[in-house]
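A closer look at the structure
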Amino acid sequence: MLEDTPTPFPQHILLTPGPTPIHPRAQRALLREMLGHMDPEVFALNREIQADLREMYGTAPETFTALLAGTGSLGMEAGFANLVEPGDEVLVCVNGSFGARMAEMAARYGARVRQVTAPLGEAINPADVAAQLGRASLVAVVHGETSTGVLNPLPEIADVVRQSGALLTVDAVTTAGMEPFQMQAWGIDYVYTGAQKCLSAPPGLAPVAISDRALARHAARRTPTPLWYCDFGGLRDYWVDQSYHHTVPVNLHYAFHAALRAALEEGLSARQARVQNVSQAILAALAPLGFTPYVTDRAARLPTVLALRLPAGFDDAAIRGALRAREISVTGGLGPTAGLIWRLGLMGEAARPAPYRALMTALEDLLGERGLVSRFDEALNAVPA
Ligand SMILES: *Cc1c(COP(=O)(O)O)cnc(C)c1O
């Protein structure tokens, strides 16, 4: 059977699509003594973080990586702030609320935004991207759309974009650190995630990687980056030249460093395997109750956010409320899928048997159903190690 989380599981169980339970090593790192953001120990730690991020994102050897002092949305915003100038044509792939957020941000930085869309629960078609490229100077896509549990075909989309010469910005919030990600091989120019998703670090940091092409685009701007705080030049002042730009949250750096190291030591294939393992055990346990995958095309299912259509007559609000009273947080749908689906998080430390066994135990009790826990355990055991 898959090994459970290495330390006693915290009392409150987060099964949400972020934040995820903090990794025990990250939790311990938060207790380290305070140091200054300009201290040599912190610069040494930062260099390790930068190297580990290159590995996580699969970058070229010297690619610039850094942590932004904010959540995943700051990573998103920093890309548009630095790479868009008023009047630029930007093509945004929109098949859920995070794609829509990208379109909104690009517009606020003056872009003429066009959208490639797909129906909710379906992936973006790379052929649609090719057909709409036009004179776009930047294309933006969400790799894993958390709002619907859809995985967009990023390598194929990147291929199309690269042939056009446009830059490509990717939201890897639900994928990097858990699912394959190859910035260099796929030809991606700007990528970000949030510390509290696949890495199970505390929220408040957005790890980014920026290609040389993107840095050159930034250097050639006609006007300064309107977001001073995340100007690529200012980031390099601190992360490369070790000069003061703003005070980085040192304690969060400690925790992030520990969480990223733990992820790299565990290895990507082991992480992917436990996502698959727990995911199919959840399905085996819940399918007899009438839960079905919301995303019908298997290839378009995002492994790290399991979107399940609820059985007919299922009282979503009441059940999630009762679970919350038992210290178990489960997330429902967003906007048009509210009341229709659950979105079970399988990122970072959430993708373990213990927290989901706790959900099955609680559901057996709340629904008066037997067999959820035993079906869950059987499915876990059925998978060869
Ligand atoms: C969570 C999430 C974000 C936003 O991250 P915050 O940390 O909430 O700002 C962006 N994109 C995707 C795909 C997400 O799941």
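Everything quoted here is computed from the prediction, not taken from an experiment. As a convention, each chain's residues are numbered from 1 in the sequence order in which they are written. Since the coordinates come from a predicted model, pLDDT governs what is reported: local features require at least 70, and pairs of side-chain atoms require 80 or more to be given and counted, while whole-chain, interface and lining totals use all residues. To get the side-chain values, take all heavy atoms of the structure and skip hydrogens and water.

This paragraph deals with helix 4 (residues 97-108). Only DSSP runs of H or I with at least four residues qualify as helices, and only runs of E with at least two residues qualify as strands; both kinds are numbered from the N terminus onward. Expected helix span is taken as 1.5 Å per residue step, with the number of steps being one fewer than the number of residues. If you check helix 4, its first and last C-alpha atoms are 17 Å apart, about what 12 residues at 1.5 Å a residue would give, namely 16 Å. Every buried residue of helix 4 is listed here: Phe-98, Gly-99, Met-102, Ala-103, Met-105 and Ala-106. For helix 4, the buried positions fall inside an angular range of 165° around the axis, keeping them on one side. A positive phi of about 95° marks Gly-110, the residue just after helix 4. The cut-offs for exposure are 20% and 50% of the maximum accessible area for each residue type, with area from a 1.4 Å probe on protein chains only; residues under the lower value are buried, those over the upper are exposed, and the others partly exposed. Working note: the arc is built from the helix axis to C-beta atom directions.

Turning to the sheet that holds strand 12 (residues 305-309), a few remarks are in order. Reading across the sheet, the 4 strands line up as 11-12-15-14 and stay open at both edges, with antiparallel pairing between neighbours. Among the strands making up the open sheet, the edge pair consists of strand 11 (292-293) and strand 14 (331-332). Bridge count for strand 12 against strand 15 (residues 341-345) is 5 bridges, and the pairing is antiparallel. Residue Ala-307 lies in a different strand from strand 15, and its bridge partner there is Arg-343. Here a residue-residue contact requires only that any non-hydrogen atoms of the pair lie within 4.5 Å. Note on geometry: axes are C-alpha line fits, over the in-contact stretch for helices, and angles between N-to-C directions span 0 to 180 degrees. Against the sheet, helix 11 (residues 268-286) touches strand 11, strand 12 and strand 15, its axis set at about 15° to strand 12. Sheet strands touched by helix 12 (residues 316-325): strand 14 and strand 15. Its angle to strand 15, the strand with the most contacts, is close to 30°. Being paired, for any two strands, means DSSP has found at least two bridges between them.

If you trace the 7 strands from one edge of the open sheet to the other, you get 2-10-9-8-5-3-4, paired in mixed fashion. At either margin of the open sheet sits one strand with a lone partner, and together these are strand 2 (64-68) and strand 4 (112-117). With direction set aside, neighbouring strand axes in the sheet form an average angle of 20°. For strand 2 and strand 10 (residues 206-210), the ladder comprises 5 bridges, and the chain directions are antiparallel. Looking at the pairing, Ala-66 lines up with Val-208 of strand 10. Contacts between helix 3 (residues 72-83) and the sheet are confined to strand 2, strand 3 (89-94), strand 5 (138-142), strand 8 (167-171), strand 9 (190-192) and strand 10, with strand 9 contributing the most and set at about 165° to the helix. Sheet strands touched by helix 4: strand 3, strand 4, strand 5, strand 8 and strand 9. Its angle to strand 3, the strand with the most contacts, is close to 165°.

The values reported here are purely geometric and, on their own, carry no functional implication.
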